[in-house]
Structures are given as C-alpha cells and as structure tokens.
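Residue-level structure breakdown
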Amino acid sequence: MDPNRILIIDYGSQFTQLIARRIREERVYCEIQPPTRTIDWIRDWEPKGIILSGGPSSVYGEDVPTADPELLRLGIPVLGICYGMQLITFLEGGVVERGRREYGRAQITIEEPEGLFEGFEAGEQTTVWMSHGDHVVQPPPGYRIIASTPDLPYAAFRAEKWPVYGVQFHLEVAHTTRGEDMISNFVFRVSGCEPTWTAGSFIDTEIERIREAVGESRAVCGLSGGVDSSVAATLVHRAIGDRLTCIFVDNGLLRLNERETVERTFRRHMGIALEVIDASALFLERLRDVADPEQKRKIIGHAFIDVFEEAAERIGADARFLVQGTLYPDVIESLSVKGPSATIKTHHNVGGLKEEMKFALIEPLRELFKDEVRQVGRELGLPEEMVGRHPFPGPGLAIRVLGSVDPKRVEILQKADAIYLEEIRIAGLYDDIWQAFSVLLPVSSVGVMGDVRTYENVCALRAVTSRDGMTADWFPFPHDVLARISTRIINEVEGINRVCYDISSKPPATIEWE
C-alpha cells in the first residue's frame, strides 16, 4: 500500500465522506474505518495521520462510540473534528458541556498560526462552519488554545507534548472558507505525507494485487457497460489477460437498446472475451409482486450471482473469482458506526450478495470514489464515451419503477427515459449533469388527451450535479428544455399523462428514489 496514508475513524458524521474526499483531492490516500478498530490494527495499518470525525453522540451518552486512550500516545498525529475534539477532551481529562447547540457560520480568531494553521496570521479571523450540540469548556491538562470565537473560547486546541489537535468546527465543508488549507496543513505539515496517490500509482499497485490474489485461476466479470465495471474489467484484464471472461447479463431492467449499445461499444474498444446472457425472464419472475426496494436489491443481487455461477461452470472449474465494479460510496452507504454511519440503502453488489456463493470477490475499485474511477479509466486509455457515461444502478430500472415491477411498466419507463436522455444530449447538457434518469411512480393521475379522459402513469424526472455521488444538487434545466421533454414523453409514450421534475438535493434525499 501507499505509505502516505491517513486513517479516518468514523463516528457517524454526515460529513465523514467529505473528509475523505478533501484528502484524496490532495493526492493522499485515506480510508474510513469504524471506531471498533483496535490499537493493534491501527499500528499494523501504519497511518501517517489519524482523523476522528464528528458524530451525533455525546461523550457522556450510554453505549456511544469511543476510542482507546492509547490512540493519542502512538506518536501518530491526530486531528479530532467536532465530536472527535470532544472525545479527545473526555479521554484526556478535560470537560465537555452538554446541550449548547450551534449551527451555521462563525468567525474564529487564530491564536497560534502554525501547525494546523500554518500560513494564517496571528489574530486573523476566518469563517468556519459549526454544527454541534456539546462543546469543550475546559481543555485537558497540557493542551493550549490555538483558535477561539467570542462564544467559544476553545474553538481549536493542541497538545503541548503530542501532535494531537482538535477543532470544534467542520473544516471539511465548503462553508469553512479556508478549510482546505487546514486539511492540507494537517496532511502535509503535521503528518508528513507526500502527494503520491495518483491514478497511475493506483493502477500499478492494483494490478499486482490482482495477480497475487488470482494466481493461475480464471475470473469472470459482471459487466454492465457503465464506467465502474468497464474500468474494473480493464484493470483485471491488464493483470491476468485472457483468463478473464466478461459476462453481460440482460436482466430485462436495462435502458432502451442498452444491450446492443454495450455489446457494440465493448467489442469495439476492449478486446476482452464477452459472453452475453439473456436472463430477463428469470429476473422479472423473481421480482413479480415485490414492491419493497431493499427486497428488490437482494433478489437482484442473488439472481446475478446465480447467473454468474452457472456461466462460470461452463467456463471451467478454475473460474473461482468474480470481478465487480463496487465503489467506496457503495460500501459506505451499505454499512452501518457500530460499523460506520447509518445504513442508507443496501447496494445489490455489497449487502445484496448471497451469504454462500462459490466465488471469491475481486473489487479493484472498492476504495475509490466515482471521479477517481473516471481518472483511472482515462489513464487506462478507455474512450470518453465509456468513461463519461452517467451512473446506472446495478438493479437497473427495478428501482426506478416504484412499487412492483412488471414488463409493461418497465417498457413504459424505458421509452420515457430514452426521450429524456436524447433531449439532454440535443441540448448539449449531458456532460454538465452527474446523473439523469426517469422514475415511474406508483400512482395514476387524471388527464385529458384528444377530448378523452385519461387515468395514467406519472413520470418523474431526476437530474443532479455532484462531485462524487455522496452529496448532490438538482440540475437547473432551462424551462424550454423541460417543456420539450415533457411534451415529447406525454405525446410519444403511451401510458404516461403527467411529468414532474424532482428538485430535491442529497441530503436530505438520495439520488435514486429507491
């Protein structure tokens, strides 16, 4: 592994993923791990710096996540953010006061312009973002103030004998004006990291890992045609060559003409063995009368494994590995800090896998965010038409046909979605949008078409901008573009008489509806 790495211990903050993103942007590797990691595990992982995230707990609460006090004596720099600062205070004998809430912007005054605040001026004021219920009222013995506000004398502190820092504010969010400078100072000046985390270094390291793991065996890759599985397939092919077979499964839940498009693009650019399997009847039968989205994801995840296992038997007994394009957000959102933050939803390729399956998993992108995967894809020489594709969920249209899934409703959504994406491309907006898709709602509405009363489906449109999929804002379409999309869908798709546009951000919503 890259020796320049930061460990982030997640205490359940909604901003934990932003910490990781900010550090990765500095070209330094980092990982988010739960507070249940032992001191021995941390020593073995050998981080150059440790960050304790914020979280919703109070250090005085019952059964709250904590840390071994020895963590602060390893000689490894530690930065506590919000709850992390309060936890350091509690472990070191200081005092935290409960119940004084503060949310929003605040002005801190820099008392000590070095270390975390290198490059600042003494007495300089800068804007930070507060989001806390408890706060420090008495630092531990041997700690000194390095920043304050009129209402919060101990906005930031540091230990005198150890490289341990704490800040009450969230330096990882964009509202903290010079938060990137503070993170950079902790990563480089305090922790001594170097910016060695690049797409090229990742590729070299991952190819060696894959070769060591697979040995002389064979592997199959679940190829969807999206950027994640395409990059994963290319990496594994670089590592083991023709011992990789890609399998594209038509599960009956794809976008219109997706099977033909993926097959044509993949064969033209990849040069990897590809087997196309039509399993639409299997998937749709298993999904019959199933409305719960978590159940849908598990059914789909299990069905994919069944198809892959059957294909592997044809390929040969030594096809022991399954390659998946699992990303870091998939892992984070599918786990729950008594392992990290609360489970948002189960991803079909993480929590939706069968407990007993014949494959060992190869997930070369498991530690990457989406934008990092795109960088790796470009470094591998993949064409922009593959690297720049909008994300498409593994469960496909099953989680965009809300409620129970049947072939007719899938067909209606396919047609609407095709019109939506076509108009986005015609308007020249495709590359400005992180992800755009249509959703078929489980409600019908009254309409009038050709002087005849209709009672048909409602289609919702979703388009968001994002850097990594962890947070997102709705895309502000020009009104004429939305009007044209709505008119075409209603006129051309039998079964839809009303179109709505989703203007929810993530959070509080998620990008997908299910």
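Just above sits the structure.
Residues numbered from 1 in each chain as written. Predicted model: local features only at pLDDT ≥ 70, side-chain atom pairs only at ≥ 80, totals over all residues. Heavy atoms only, no water.

**Describing the overall build of the chain**
Quick reminder of the rule: The helix count covers DSSP runs of H or I at least four residues long, the strand count covers runs of E at least two residues long, and both are numbered beginning at the N terminus. Note on method: radius of gyration uses C-alpha positions; expected globular size equals 2.2 Å times residues raised to 0.38. Buried, partly exposed and exposed residues are distinguished by accessible area as a fraction of the type maximum, computed with a 1.4 Å probe on protein chains only: under 20%, between the cut-offs, and over 50%, respectively. Surface accessibility follows the Shrake-Rupley procedure with a 1.4 Å probe radius. Residue values consider only the protein chains on display as shielding. Charge counting follows a simple rule: Lys and Arg are positive, Asp and Glu are negative, and His as well as the terminal groups are ignored. Note that the charge is assigned to NZ on lysines, CZ on arginines, CG on aspartates and CD on glutamates.
A count of helices and strands for the chain gives 14 helices and 20 strands. The globule rule puts the C-alpha radius of gyration for 514 residues at 24 Å, and the 25 Å found for the chain is close to it. Dimensions of the chain, computed from the C-alpha atoms along their principal axes, are close to 75 × 65 × 40 Å. Counting all 514 residues of the chain, 59% fall into the buried class. Summed over its atoms, the accessible surface of the chain is roughly 21300 Å², and 48% of this surface lies on carbon and sulfur atoms. For the chain, the centre of its 56 positive side-chain charges and the centre of its 78 negative side-chain charges are spaced 2 Å apart.

**Details of the packing of helix H13 (residues 407-426) against helix H14 (residues 479-492)**
Stated precisely, the cut-off is as follows: Axis lines are fitted through C-alpha atoms, for helices just across the contact stretch, and the angle between N-to-C directions can take any value from 0 to 180 degrees. Small angles under 35 degrees read as roughly parallel and large ones over 145 as roughly antiparallel, with 65 to 115 read as roughly perpendicular and the rest as oblique. By definition, any crossing whose near helix is turned counterclockwise from its far helix by less than a right angle is left-handed, and any crossing with a clockwise turn is right-handed. Any pair of residues with heavy atoms lying within 4.5 Å of one another is described as a contacting pair. For this classification, Asp, Glu, Lys and Arg are treated as charged, while Ala, Val, Leu, Ile, Met, Phe, Trp, Tyr, Cys and Pro are nonpolar and the rest, including Gly, are polar.
At a closest axis distance of 9 Å, the pairing of H13 and H14 adopts a crossing angle of 150°. By the angle class used here, H13 and H14 are roughly antiparallel. You can see that H13 and H14 cross each other, and the crossing is right-handed. Contacts from Ala416, Ile419, Tyr420, Glu422 and Glu423 in H13 reach Arg484, Ile485, Arg488, Ile489 and Glu492 in H14. Tallied by class, the residues present in the contact of H13 with H14 amount to five nonpolar, no polar and five charged.

**Brief notes about helix H7 (residues 258-269)**
What counts here: Expected span of a helix, by definition, is 1.5 Å for each gap between consecutive residues, and there is one gap fewer than residues.
With 12 residues, H7 ought to run about 16 Å at 1.5 Å a step, and its terminal C-alpha atoms sit 16 Å apart, in line with that. As for H7, its buried residues are in contact with strand E12 (218-223), strand E13 (244-250), strand E14 (274-278) and helix H12 (384-387).

**Description of the nonpolar core**
Convention followed: By nonpolar core we mean a set of buried residues, namely Ala, Val, Leu, Ile, Met, Phe, Trp, Tyr and Cys, connected to one another through side-chain atoms within 4.5 Å.
Membership of the largest hydrophobic core comes to 65 residues, with the highest contact counts inside it found for Ile50, Leu244, Cys246 and Leu365. For this core, the leading source of residues is helix H6 (residues 227-240), giving eight residues. Once residues lying within four places of it in the same chain are set aside, the contact partners of Ile50 are Leu7, Ile9, Ile42, Leu71, Ile76, Pro77, Val78, Leu79 and Phe186. Val220, Ile300, Ala398 and Leu461 belong to the second largest nonpolar core, which has 51 residues in total.

**A short note on the sheet that holds strand E11 (residues 164-167)**
Short version of the rule: Any two strands with at least two DSSP bridges between them are considered paired.
Read across the sheet, nine strands follow the order E2-E1-E3-E4-E11-E10-E9-E6-E7 without closing on themselves; strand pairing throughout is mixed. A single partner strand is all that each edge strand has here, and the edge strands are strand E2 (29-33) and strand E7 (125-132). Across the sheet, the mean angle from the axis of one strand to that of its neighbour is 25°, orientation sign disregarded. With four bridges connecting them, strand E1 (residues 5-9) and strand E3 (residues 49-52) associate as parallel partners. Bridge pairing in E3 places Ile9 opposite Leu52. Running at roughly 115° to strand E4 (residues 78-81), helix H3 (residues 83-91) makes contact with E3, E4, E7, strand E9 (143-148), strand E10 (156-159) and E11 of the sheet. Along the sheet face, helix H4 (residues 179-190) touches E1, E3, E4, E7 and E11 and points at about 150° away from the line of E3.

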